[in-house]
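Listed here are the chains, written in short residue letters.
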Amino acid sequence: MTSTLRPTWVTTAVRPDQPDAALLLREYMTEMVVRYHRRPALPGEVDLALADLPSDDLTDPTGLLLLAHRGGDLAGCAGLRWQPDWAELTRVFIRPAHRGTGGGGALLAAVEQRAREAGMDRIRLDTRNDLVEARALYARHGYVEIPAFSLGPYAEHWFEKRLR
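Since this is a predicted model, take the numbers as computed values, not measurements.

Visitor: Kindly report on the pattern of salt bridges, identifying the contributing residues and their values.
Guide: In this structure the tally under the stated criterion is 15 salt bridges. Among the ionic pairs, R162 bridges to E160, the shortest N-O distance being 3.5 Å. Look at R162 and you get exposed, because its relative accessible area is 52%. Classification of E160 by relative accessible area gives buried; the value is 9%. One network of salt bridges, in which partners are shared, links D121, R122, R124, E160 and R162.

Written out as structure tokens, the structure reads:
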């Protein structure tokens, strides 16, 4: 009998300007631009989006950024921004080659643990209509839709998960 070991997911907190983090944040933003516009990104469009929606606050003391590795491969990321009583989930991304292997759930479990450790009682997020896979992931992991709490131009669905 042969057993197959599945690669494990490991997360680590890093600064957003660290090379692997910058690479994943660019891949995340490229996918967001392409999906939103339903066409390839135009020259400079991703750079503009990264400048308009910076991630530099995803580090202590205002937040954190987790990188996920699967079996040693750089595979995804997720960020939290600290609010007075809650944490905002952002930048959840799994590279296409690693999708469907539990990475989204692993990242959510890791950010939820970090939020609890920081004394937060809930996590909130907003997302877009076209990100149906993300909305399904959040619902599968106990996030429920709530009334709007943000006014961002891309906020069309709002979710929350109580941590206690």
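Visitor: If you had to explain the sheet that holds strand β4 (residues 87-94) to someone new, which residues and values would you point to?
Guide: With respect to topology, seven strands assemble into an open sheet ordered β1-β2-β3-β4-β5-β7-β6, the strand pairing being mixed. Each edge of the open sheet carries a strand with a single partner, namely β1 (9-14) and β6 (144-145). In this sheet, strand β7 (residues 157-162) lies alongside β6 in antiparallel orientation, the contact comprising two bridges. Within the sheet, the bridge partner assigned to V144 lies in β7 and is E160.

Visitor: Which residues make up the UniProt feature "domain: N-acetyltransferase" (unreviewed entry) in the protein, and what are the values?
Guide: Mapped onto the present numbering, the UniProt feature "domain: N-acetyltransferase" (unreviewed entry) falls at residues 12-164. Secondary structure across residues 12-164 divides into 33% helix and 28% strand, with the first and last C-alpha atoms of the span separated by 23 Å.

Visitor: Before we move on, could you go through the packing of aromatic side chains and cite the residues and values that matter?
Guide: Evaluated as defined, the whole model comprises five aromatic pairs. Taking the centre distance of 6.3 Å and the plane angle of 80° together, the rings of Y28 and F93 count as edge-to-face. Of this pair, Y28 sits in helix α1 (residues 19-37) while F93 sits in strand β4, and the two are 65 residues apart along the sequence. Counting every residue linked through ring pairs, the aromatic cluster contains Y138, Y143 and F159.

Visitor: Tell me about the environment of D57, and please be specific about residues and values.
Guide: Note on placement: D57 falls in the loop between α2 (45-52) and β2 (63-70). As a C-alpha pair, D57 and W9 span 48 residues in sequence and 25 Å in three-dimensional space. Side-chain polar atoms of D57 contact the side chain of R81, separated by 2.7 Å.

Visitor: Got a sec to walk through a nonpolar patch on the surface? Specific residues and values, please.
Guide: A cluster of nonpolar side chains, contributed by Y36, L53 and Y154, occupies part of the molecular surface with about 270 Å² of accessible area. Looking at the secondary structure, you find L53 in the loop between α2 and β2.

Visitor: Can you break down the layout of surface pockets residue by residue, with the values?
Guide: Approximately 1200 Å³ is the volume attributed to the largest pocket. Along the wall of the largest pocket there are 44 residues; nearest its centre are Y28, M32, V92, T127 and L131. Looking at the lining of the largest pocket, the elements that each hand over two or more residues are α1, α2, β4, α3 (103-117), β5 (122-127) and α4 (132-140). If you tally residues by element for the lining of the largest pocket, the top one is α1, at eight residues.

Visitor: Give a detailed account of the side chain of H98, specifying residues and quantitative values.
Guide: Here H98 is to be found in the loop between β4 and α3. Within the local environment of H98, its side chain forms a polar contact with the side chain of R70, the two groups lying 3.5 Å apart. Once residues lying within four places of it in the same chain are set aside, the contact partners of H98 are W9, R70, D73, L74 and A75.

The rules behind these values
- Residues numbered from 1 in each chain as written.
- Predicted model: local features only at pLDDT ≥ 70, side-chain atom pairs only at ≥ 80, totals over all residues.
- Heavy atoms only, no water.
- Salt bridge = Lys/Arg side-chain N within 4 Å of Asp/Glu carboxyl O.
- Buried < 20%, exposed > 50% of the residue type's maximum accessible area, 1.4 Å probe, protein only.
- Pairing = 2+ DSSP bridges.
- Helix = DSSP H or I, 4+ residues; strand = E, 2+ residues; numbered from the N terminus.
- UniProt positions renumbered as here; feature names shortened; annotations may be inferred.
- Phe/Tyr/Trp six-rings, centres within 6.5 Å; stacked < 30°, edge-to-face > 60°.
- Polar contact = N/O pair within 3.5 Å; in protein donor to acceptor, adjacent residues only side chain to side chain.
- Patch = residues over 30% accessible without salt bridge, like charges linked within 9 Å, V, L, I, M, F, W, Y side chains within 5 Å.
- Areas by Shrake-Rupley, 256 points an atom, 1.4 Å probe, with all protein chains shown as cover.
- 1 Å grid on protein atoms, 1.4 Å probe; cavity = no way out; pocket = protein on both sides within 12 Å on 5 of 7 lines; lining within 4 Å.
- Points joined across faces, edges and corners; volume = space filled by probe spheres on them.
- Contact = heavy atoms within 4.5 Å.

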